[in-house]
Amino acid sequence: MFSDIQVKYFGCTHRALKPSQTIKNVEKKLKTAGVTRVTEITHLDRVGIPVYSAIRPTAQEGAVSIYAGKGATTQQAKASAMMESFERYSAEKQVSDKKRIVKGSYGDISNSLNPESLILPHKISLNENLEWIESQDIFSEDKIMIPANSVFHPYECNHAINLFKSNTNGLASGNVLEEAVFHGITEVIERDAWSIFEVKKESTTEIDCDGVDNPIITDLMGKFKKAGIEIKLMDLTADIKVTTMAAVADDAVLKDPALLTLGVGTHLDPEIAAIRAITEVAQSRATQIHGTREDTVRAVFMRKAGYERMKRINRHWFGESKKIICLDELKNKSCSSFREDIEIATKEIKKCGIKKAFYVDLTRDEVKVPVVRVIIPGMELFSVDPDRKGKRLKN
């Protein structure tokens, strides 16, 4: 099913092309996707880790219109912001999708996925009218009809029920389809591990990066240290053994509760997971300082609560860890091709009793930037939608 596309860039993350080539390939397509501006916002924060912002005023109602991009280099951060804008553009339901969508109840649609397997916030009747779209099972290569509610964002349907609030979990782009699918899988794993940690609220393992022979990690951690910001790197990996890490930032200089920020990263290579988490926490800081994203309203509550109180509320993040291990103790399971990485990640998922994993190709003909939505029934997403708790959390 998947071609043997080789990983050719091993810097801040694993990609099929260097960030400079990605930028060259997609920058002329930004206007078609509605992006009016891509700008660097690194200078807004004193840390100095590159962060870019992409503005797309034509985003559909219910979706954010400003997207941030992160990276250890300016080109990686710029490419990241650009590619996120294509993800959001491609995930919106468009006129061309009418021919892909069918309507009917679960019993009426042949070869369809039971909606209840998607962790619903409330009980539904399986006789309810839904919108469906064809997906491909990553495990078996079978074609399966799944609820369109789980694919498009934002999602609102007047002639069929809405199963849940739409989100972007598992939405990913890439230079090639295989790259997008792999990164979509890692995001679903990331949100699952994050959800389990948020519900358990138990102290976890802290990761020590001192002495790690990775100049990117050393440089990133050094920039935070120089700025007087403490970064705590935590291992959130749950039963699915694909490394998930969180980076938590505590700015003891400003003591601004809105800057008690978090970044999470998942990858088969623990060093890449660490880099993604560290750069994402830098992105979170810059986004809060920038104050232009529609989802920064949580900062208002945090500032009312106060710095010390927010640390107490979130002591599972900011409290003492039960143990500390070195980053180089974690096993690197990544390979030289995206097909192999997909196979390894899905094997780890299967070991935990997950039987299905789907993707829908959302690549739009007018831009031709590979975008997919990965859906893995049974994987938790409490960190995205607190109204949805599945068996893995309840058990």
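The protein carries the name YcaO-related McrA-glycine thioamidation protein in an unreviewed UniProt entry, which gives Methanobacterium alkalithermotolerans as its organism.

Scanning the protein from terminus to terminus reveals ten helices and 14 strands. A compact globule built from 395 residues should have a C-alpha radius of gyration of about 21 Å, and the protein, at 20 Å, falls within 12% of that. Taking the principal axes of its C-alpha atoms as reference, the protein extends roughly 60 × 50 × 45 Å. Across the 395 residues of the protein, 58% fall into the buried class. If you take every contact in the protein between residues at least 6 apart in sequence, the share linking residues at least 24 apart comes to 68%. A total accessible area of about 17400 Å² is found for the protein, and carbon and sulfur atoms account for 48% of it. Placing the 58 positive and 55 negative side-chain charges of the protein at their respective mean positions leaves the two points 2 Å apart.

So, about the sheet that holds strand E1 (residues 37-40). Strand order in the open sheet formed by three strands is E1-E2-E3, and the pairing between neighbours is antiparallel. Taken across any chain shown, the strands that pair with only one partner, and hence form the sheet edges, are E1 and strand E3 (66-70). Averaged over neighbouring strand pairs, the angle between their axes works out to 20 degrees when direction is ignored. As judged from the four bridges shared by E1 and strand E2 (residues 51-55), these two strands associate in the antiparallel manner. Residue pairing in the sheet places Arg 37 in a bridge with Ile 55 of E2.

Relative to the helices and strands, Arg 191 is located in helix H3 (residues 177-200). The exposure class assigned to Arg 191 is buried, which follows from its relative accessible area of 15%.

Two elements in contact, helix H4 (residues 215-226) and helix H5 (residues 270-290), have axes whose closest approach is 10 Å; the angle formed by their N-to-C orientations is 30 degrees. Taken together, H4 and H5 sit at an angle that is classed as roughly parallel. Our pair here, H4 against H5, has a crossing hand that is left-handed. Here Ile 216, Ile 217, Leu 220, Met 221 and Phe 224 of H4 come into contact with H5, specifically with Glu 271, Ala 274, Ile 275, Ile 278, Thr 279, Val 281, Ala 282 and Arg 285. Looking at the contact of H4 with H5 residue by residue, the class counts come to ten nonpolar, one polar and two charged.

Close approach of charged atoms allows side chains with opposite charge to pair. Within the structure shown, the criterion is met by 23 salt bridges. For Arg 88, the salt bridge is made with Glu 84, and the minimal N-O distance between the two is 3.7 Å. Residue Arg 88 and its partner Glu 84 are located together in helix H2 (residues 74-91), separated by four residues, close to a single helical turn. Classification of Arg 88 as buried rests on a relative accessible area of 12%. Look at Glu 84 and you get buried, because its relative accessible area is 15%. Ionic pairing is found between Glu 202 and Lys 200, a salt bridge with its closest N-O pair at 3.9 Å. Owing to a relative accessible area of 45%, Glu 202 belongs among the partly exposed residues under this scheme. By sharing partners, the salt bridges in this structure join Asp 45, Arg 46, Asp 251 and Arg 285 into a single network.

About the thresholds
Residues numbered from 1 in each chain as written. Predicted model: local features only at pLDDT ≥ 70, side-chain atom pairs only at ≥ 80, totals over all residues. Heavy atoms only, no water. Helix = DSSP H or I, 4+ residues; strand = E, 2+ residues; numbered from the N terminus. Rg over C-alpha atoms; globule rule 2.2 N^0.38 Å. Buried < 20%, exposed > 50% of the residue type's maximum accessible area, 1.4 Å probe, protein only. Contact = heavy atoms within 4.5 Å. Areas by Shrake-Rupley, 256 points an atom, 1.4 Å probe, with all protein chains shown as cover. Lys, Arg positive; Asp, Glu negative; His and termini not counted. Charge placed at Lys NZ, Arg CZ, Asp CG, Glu CD. Pairing = 2+ DSSP bridges. Axes fitted to C-alpha atoms, helices over the stretch in contact; angles between N-to-C directions. Parallel < 35°, antiparallel > 145°, perpendicular 65-115°, else oblique. Left-handed = near helix turned anticlockwise from the far one by under 90°. Nonpolar A, V, L, I, M, F, W, Y, C, P; charged D, E, K, R; others polar. Salt bridge = Lys/Arg side-chain N within 4 Å of Asp/Glu carboxyl O.

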